[in-house]
Amino acid sequence: MARNILKLGALEAQKTAFLLCDIQETFRPHIKHFGEVVKVANKMVAAAKVFKIPVYVSEQYPKGLGHTTKDINISDAALVYEKTKFSMFTPELQEKLKKDVPNLSSVILFGIEAHVCIEQTVIDLLNEDINVHVLADGVSSRSLMDRGLALQRMQALGCFITTSENVLFKLLRDKNHPAFKDISKLNKVPTVDILGYDITSKL
């Protein structure tokens, strides 16, 4: 019997959602490589338009911590919502996902912080049997140790630790996909290596 290809890490646009977690301007001075995380977020937001994949944006306690950085255009987001819970998977998001992506099977997750809000979102999504792809080039923390250990833990939980380029070409699947040129342009500059995640290393 053939295995479920989505469980193996394949992606289908109509069964996928993008989750952008708490990339708020207040955090810029404190998060390692904040600018690189912003670049990846912009790439994913642009790709979402091409693939017609909804983007959901959370903001952690914006009354005190401010809103998503203006360096990311979230005007077309399917939902921008505030939270105090660390996980993005709030009742508000759950209801919106049910309406927007009734056959949801995969989530692409990026933002901050890797060891707090990202990891707790992963746990909640996996608990609902949703495949989770965490962008290693699109997540960070105040500490690179926290970030690296979080990626290791999330992989051990059954998460796909991947990159923005990997995800976008998985969504394309074929050079003859009508979006090939647009997506190739978004990937013209390769992922920056400075975030330094090595699955063979033991921190």
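Notes on the structure in this doc start here.

Thresholds applied
- Residues numbered from 1 in each chain as written.
- Predicted model: local features only at pLDDT ≥ 70, side-chain atom pairs only at ≥ 80, totals over all residues.
- Heavy atoms only, no water.
- Axes fitted to C-alpha atoms, helices over the stretch in contact; angles between N-to-C directions.
- Helix = DSSP H or I, 4+ residues; strand = E, 2+ residues; numbered from the N terminus.
- Parallel < 35°, antiparallel > 145°, perpendicular 65-115°, else oblique.
- Contact = heavy atoms within 4.5 Å.
- Nonpolar A, V, L, I, M, F, W, Y, C, P; charged D, E, K, R; others polar.
- Core = buried A, V, L, I, M, F, W, Y, C linked by side-chain atoms within 4.5 Å.
- Buried < 20%, exposed > 50% of the residue type's maximum accessible area, 1.4 Å probe, protein only.

Right, let's talk about the packing of helix 1 (residues 34-51) against helix 6 (residues 164-172) for a bit. Between helix 1 and helix 6, the least distance of the axes is 11 Å, while the angle of their chain directions is 10°. As far as their axial angle goes, helix 6 and helix 1 are roughly parallel. Contacts between helix 1 and helix 6 involve Val-40, Lys-43, Met-44, Ala-47 and Phe-51 on the former and, on the latter, Ser-164, Glu-165, Val-167, Leu-168, Leu-171 and Leu-172. Residues that form the contact of helix 1 with helix 6 fall into these classes: 8 nonpolar, 1 polar and 2 charged.

The subject of this paragraph is the nonpolar core. Membership of the largest hydrophobic core comes to 32 residues, with the highest contact counts inside it found for Phe-18, Leu-20, Met-44, Phe-51 and Leu-171. The set of elements that each furnish at least two residues to this core consists of strand 1 (16-21), helix 1, strand 2 (55-60), strand 4 (106-112) and helix 6. No other element matches helix 1, which puts 10 residues into this core. In contact with Leu-171, other than residues within four places in its own chain, are Leu-11, Glu-12, Ala-13, Thr-16, Phe-18, Phe-51, Ile-53 and His-177. If you look at the next biggest cluster of nonpolar residues, it comprises 29 residues, including Leu-93, Ile-118, Leu-151 and Cys-159.

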